[in-house]
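Now for the letters of each chain:
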Amino acid sequence: MRILLVYCHPVPESFCAAVRDRAIATLTAAGHTVDLLDLYAEGFDPVMGADERRLYNEMTRADHPAPDHAERLEKAEGILFVYPTWWYGLPAMLKGWLDRVWTPEVTFAIPEGGGPVQPLMTHVRFLGVVTTCGAPWWLSFLIGQPGRKTILRGMRALCAKTCRTLYVAHYRMDSSTPESRAAYLEKIEKKLSKV
């Protein structure tokens, strides 16, 4: 399977970098092709300007603001997001990537005359999230896990009907230990080896 790994963390030596590396190694060992998209390393601009927003609903593939990212998304059979959960949700950089790259004619179609959007990501058969959270699991659950829902419900609705999902989180990251981090990396390996 060709997997687009969308990585979002500004600090090169972060624990998220170790998570990313373990994910890539595990997926590669399982025979998948991994396309790493590092948003911060690429200097992706997450800000949608006024002119881009005005054009958004009528946007064609030729108008896409990040055509190389759109092409990589179109080639993906699976997508794995690796990021830190900040304030219970997605980092601004990642949210901006979704806003600017998951556009009409790439990920969905807006039918003439109204009605629900039509999914165009039906080639995506796997959608996963590997993240770290400062809060405990129960507080994240109580808040509603907005990041998890954005990707595994909202974006998932644009993928294949049989698209499998995965969510793996290291809670209480702010008070983690070398042991808890090592156990989390092992958990990631175990889960991703089954993709």
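Report on the accompanying structure. (Residues numbered from 1 in each chain as written. Predicted model: local features only at pLDDT ≥ 70, side-chain atom pairs only at ≥ 80, totals over all residues. Heavy atoms only, no water.)

### Side note on the side chain of Glu52
Argument step 1. Residue position: Glu52 is located in helix 2 (residues 50-55).
Argument step 2. Once residues lying within four places of it in the same chain are set aside, the contact partners of Glu52 are Met59, Pro65 and Arg100. (Helix = DSSP H or I, 4+ residues; strand = E, 2+ residues; numbered from the N terminus. Contact = heavy atoms within 4.5 Å.)

### Digging into the pattern of salt bridges
Side-chain pairing between opposite charges can occur once the charged atoms of the two side chains come close.
Argument step 1. Across all of its chains, the model carries 13 salt bridges by this definition.
Argument step 2. Two residues, Glu52 and Arg100, come together in a salt bridge whose shortest N-O distance is 2.8 Å. Of this pair, Glu52 sits in helix 2 while Arg100 sits in helix 4 (residues 92-101), placing them 48 residues apart in sequence.
Argument step 3. Glu52 gets classed as buried once you look at its relative accessible area, which sits at 15%.
Argument step 4. Classification of Arg100 by relative accessible area gives buried; the value is 10%.
Argument step 5. Here the salt bridges do not stand alone but share partners, grouping Arg2, Asp35, Glu42 and Arg72 into one network. (Salt bridge = Lys/Arg side-chain N within 4 Å of Asp/Glu carboxyl O. Buried < 20%, exposed > 50% of the residue type's maximum accessible area, 1.4 Å probe, protein only.)

### Let's talk about empty space enclosed by the protein
Argument step 1. Applying the stated criterion to the full structure yields one cavity of 30 Å³ or more.
Argument step 2. Quantified by volume, the largest cavity comes out at close to 60 Å³.
Argument step 3. As for the largest cavity, its lining consists of Tyr83, Thr85, Tyr88, Cys133, Ser140, Gln145, Gly147, Arg148 and Tyr167.
Argument step 4. Elements supplying a minimum of two residues to the lining of the largest cavity: strand 3 (78-85) and helix 6 (146-155).
Argument step 5. Grouping the amino acids of the lining of the largest cavity by side-chain chemistry returns four nonpolar, four polar and one charged. (1 Å grid on protein atoms, 1.4 Å probe; cavity = no way out; pocket = protein on both sides within 12 Å on 5 of 7 lines; lining within 4 Å. Points joined across faces, edges and corners; volume = space filled by probe spheres on them. Nonpolar A, V, L, I, M, F, W, Y, C, P; charged D, E, K, R; others polar.)

### A look at the packing of helix 1 (residues 15-29) against helix 7 (residues 178-192)
Argument step 1. Between helix 1 and helix 7, the shortest axis-to-axis distance is 9 Å and the interhelical angle comes to 30°. Taken together, the axis directions place helix 1 and helix 7 in an arrangement best described as roughly parallel. With respect to the hand of their crossing, helix 1 and helix 7 are arranged in right-handed fashion. In contact with Phe15, Ala18, Val19, Arg22, Ala23, Thr26 and Leu27 of helix 1, helix 7 contributes Arg181, Tyr184, Leu185, Glu186, Ile188, Glu189 and Leu192.
Argument step 2. For the contact of helix 1 with helix 7, a count of residues per class yields nine nonpolar, one polar and four charged. (Axes fitted to C-alpha atoms, helices over the stretch in contact; angles between N-to-C directions. Parallel < 35°, antiparallel > 145°, perpendicular 65-115°, else oblique. Left-handed = near helix turned anticlockwise from the far one by under 90°.)

### So, the packing of aromatic side chains
Argument step 1. Taken as a whole and assessed by the stated rule, the structure comprises two aromatic pairs.
Argument step 2. Geometrically, the ring pair formed by Phe81 and Trp97 is edge-to-face, given 6.2 Å between the ring centres and 70° between the ring planes. Of this pair, Phe81 sits in strand 3 while Trp97 sits in helix 4, and the two are 16 residues apart along the sequence. The two residues Phe81 and Trp97 agree in class, both being buried.
Argument step 3. The aromatic ring of Tyr7 is capped on one face by Arg20, whose charged end is 4.7 Å from the ring centroid. (Phe/Tyr/Trp six-rings, centres within 6.5 Å; stacked < 30°, edge-to-face > 60°. Lys NZ or Arg CZ within 6 Å of the ring centre and 35° of its normal.)

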